[in-house]
Amino acid sequence: MTITRILGRAALAAVFTWGFLQPAVAAALSERAESVREAWLEVLAAPDSPLRMEGELDILERPDGSLRMVMDSLVLRDPSRGEGVADIAVLELGTLTVVLHPVAERRWQTEWEIPGEMRLRDGHGNALGVLEIDERALSGLWAQDLGTMLTADLRLGGLALTFDADAIGADRGSVGKTGDSEGTPGRIQADRLQLDLQLAESEPGVVSGPLAVTVDRMLLEDSAGELMAGLGGLRIGAEYRDVDLVAISAIADLAADPDRLAEQDPEALLAEALAALGGFETTLELVDLSAGEPGDPAWFSVGAARLESAFAPSAEGARQRDLRIGMQGRDWHFADGDGAHRMDAFTVDLRLDRITPDALFRMGLLSLMADELPAEDLIGLTEEGVGSIVLGASLNGIGGRVGPEGPDAAVYGLELLEFGLSLLELDTRAPGLALSYRQRGLSDLSTGLLPIPREFIPRELVLDLSASGLPAGAIVDHGGAELDLEPGDVFRAMLENRTRLDVNAIVIDLPITGLRLSGNAHVEEGDAGAPDSLHGRSELEIRNLDTLIEYALAFSASEAVRQQILAVATVLKLAAEERSGPEGEVIHYLRVEASSRGELLVNGTDIGPLLIGGGQ
């Protein structure tokens, strides 16, 4: 469905849904009134329109220039179901009435009177239920020339959809056969439903503005009046920026004509479509969603959940777009006979910057036309396709059990888990990279899902790496996709790009021992005409090294492995500086410095002779 239909016919459908039963007889119509009538008939007859009119549409012109429009026997249905396919459910709106006041050329302020009762039936005409609405108000500005509502203000209060228990139960195979109403939906209630659309034109046909839909306190009851599920609130929002409705309508008409569409340049058409779409941001948020209660055979509750997205032109260029998708949640709980699970909070965020859709389109087109893409074409298009990719996730307070409650249940828990991956400046010859992982507070799993001795359960794990100026361009130049190049080529490219690699932190904290590592590798300029060189520095702390060695020897698989462990341990002890930790534990500290000139120092001592057998 196109943006035009979303902002046009779908918006009109939302307005039509709440019309009022007041038939009127139309006299001979003026040209202006006839054009309004034809516009509404086109909306109602559109294949993707959720509205169908089974009667007539009449317009009465008033002395003050306003129009009174009456649509007879209107129904709301699922537009995705094709002709001849029975509807699952249809809402009978009856005869709807709207008054249109002219405010400018082909612009109309609309006022609606909403009926307090509507009937729900299945595709065969059988009654399913009744929708009742206590408080009702609806108005909006219709742009006839654009085929859309520019503003809409809908306020409904005290909504209740009551189902026919016999019809619903018979369809589910319960009520009407056994008389048992448990689990059969009986009524849906909502305190308030509000829709607010505010679009403004920056130039003719180009609109920007927000759309907001709000639902407060929704309840689902069974046929006996018992609560089945509840929702505290639902918020749906969108922010449109520079959407060209005229251009989108023209592209939609073109897409509906296969012959004309085949004559178009695909890349040019894609560029036009992207320019017409402008940009948008969307949000979907719900709070206090629940079904059942603790102690029931099955229940769940969601404190809050939020989904966000954005797609907009990049600041760097008109051809490029930025995409963002994010999700957050808090206080999630679920339990049934097979276990119980919880998550206190989580976030997930994905961002793609400087996407070039036409480059991605060319890549897809070439892949369809050729069995195998030439390496140079694939690499070139990949470099153009996207500038940066950033992914992040965070989970807090995960825990629960697997299996029925009792002493044999497998329990698990994790205080914190964070992950991040960034691929930066991919559209340059010297991209960057960042990778992070953090885990803290893993519960005792000795009797859980993975039987692990308590002393090997990590209290904290940290991995934090970053790099900039990576020699991607040089690698492509020398070896292409086959990576057929010499190490010296990579080294020279690193010097040229001023490549930097950072180990910001590597931490392994176990109850019996621990390790902490940090450092970097970078390019340093040579002095007095000397060539540039690659330098590296790192710091390593090992807590309770002797205990670590004992466990490593105990779990070694062969004598050869034992000898290797002892050799490494001997070198570490000779080179490391012993320190005392905050709790009196022994810490072996090493500071390592190395360079491409052959330097290798540990705590200021040259250990080259130790590593190569006494200099032999």
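Because the structure is a prediction, the values reported are computed rather than measured.

The rules we used
Residues numbered from 1 in each chain as written. Predicted model: local features only at pLDDT ≥ 70, side-chain atom pairs only at ≥ 80, totals over all residues. Heavy atoms only, no water. Helix = DSSP H or I, 4+ residues; strand = E, 2+ residues; numbered from the N terminus. Buried < 20%, exposed > 50% of the residue type's maximum accessible area, 1.4 Å probe, protein only. Contact = heavy atoms within 4.5 Å. Areas by Shrake-Rupley, 256 points an atom, 1.4 Å probe, with all protein chains shown as cover. Axes fitted to C-alpha atoms, helices over the stretch in contact; angles between N-to-C directions. Parallel < 35°, antiparallel > 145°, perpendicular 65-115°, else oblique. Nonpolar A, V, L, I, M, F, W, Y, C, P; charged D, E, K, R; others polar. Expected span 1.5 Å × (residues − 1). Arc of directions from axis to C-beta. Polar contact = N/O pair within 3.5 Å; in protein donor to acceptor, adjacent residues only side chain to side chain. Patch = residues over 30% accessible without salt bridge, like charges linked within 9 Å, V, L, I, M, F, W, Y side chains within 5 Å. Salt bridge = Lys/Arg side-chain N within 4 Å of Asp/Glu carboxyl O. Pairing = 2+ DSSP bridges. Core = buried A, V, L, I, M, F, W, Y, C linked by side-chain atoms within 4.5 Å.

(A) Quick peek at the overall build of the protein. When its secondary structure is counted, the protein shows 14 helices and 27 strands. With 616 residues in all, the protein has 37% of them scored as buried. Counting contacts in the protein only where the partners sit at least 6 residues apart, residues at least 24 apart contribute 62% of the total. As presented, the protein carries roughly 32,700 Å² of accessible surface, and 56% of it is formed by carbon and sulfur atoms.

(B) Just the packing of helix H12 (residues 545–554) against helix H13 (residues 559–575), in detail. Between H12 and H13, the shortest axis-to-axis distance is 10 Å and the interhelical angle comes to 170 degrees. Considering their axes alone, H12 and H13 lie roughly antiparallel with respect to each other. Two secondary-structure elements touch here, H12 through Leu545, Asp546, Ile549, Ala552 and Leu553 and H13 through Arg562, Ile565, Leu566, Ala569, Leu572 and Lys573. Looking at side-chain class alone, the contact of H12 with H13 contains eight nonpolar, no polar and three charged residues.

(C) Here's a closer look at helix H7 (residues 266–277). Over its twelve residues, H7 runs 16 Å from end to end, which matches the ideal 16 Å to within 8%, given 1.5 Å per residue. Turning to H7, its buried residues number three or more, namely Leu269, Leu274 and Ala276. Looking straight down H7, one finds that the buried residues subtend no more than 165 degrees of arc, so they occupy a single side. At the N-terminal end of H7, a side-chain oxygen is found 3.2 Å from the backbone nitrogen of Glu267, two or three residues along, and the residue is Asp265. Among the residues trailing H7, Gly278 stands out with phi positive, at a value near 65 degrees.

(D) Expanded view of H12. Among the residues of H12, Leu545, Ile549 and Leu553 are the ones counted as buried. One side of H12 carries all its buried residues, which in axial view fall inside an arc of 70 degrees. Relative to its buried face, H12 has exposed residues pointing more than 90 degrees away, namely Glu550 and Ala554.

(E) Quick look at a nonpolar patch on the surface. Taken together, Ile236, Leu284, Leu307, Ile325, Met327, Val348 and Leu391 make up a surface patch of nonpolar side chains, about 500 Å² in accessible area. Tracing the backbone shows Met327 in strand S15 (residues 321–336).

(F) View of the pattern of salt bridges. On inspection of all chains with the given rule, the structure shows 32 salt bridges. Where Arg37 meets Glu38, a salt bridge forms, and the shortest distance between an N and an O atom there is 3.8 Å. Several salt bridges share partner residues, and in doing so they unite Glu285, Arg306, Glu308, Arg324 and Asp349 into one network.

(G) Focus on the pairing of strand S9 (residues 185–198). Sheet topology places strand S8 (residues 148–163) next to S9; eleven bridges connect them, and they run antiparallel. The partner of Leu159 across the bridge, within S9, is Ala190. In terms of strand pairing, S9 meets strand S11 (residues 206–222) through eleven bridges, oriented antiparallel. Along S11, the bridge assignment pairs Arg192 with Asp216.

(H) Region of the structure containing the nonpolar core. Core analysis: the biggest nonpolar cluster contains 52 residues, and Val36, Met69 and Leu100 have the highest contact counts within it. The element contributing the most residues to this core is S8, with eight residues. Judged by nonpolar contacts, the second largest core, of ten residues, contains Ile542, Leu553, Ala569 and Ala576.

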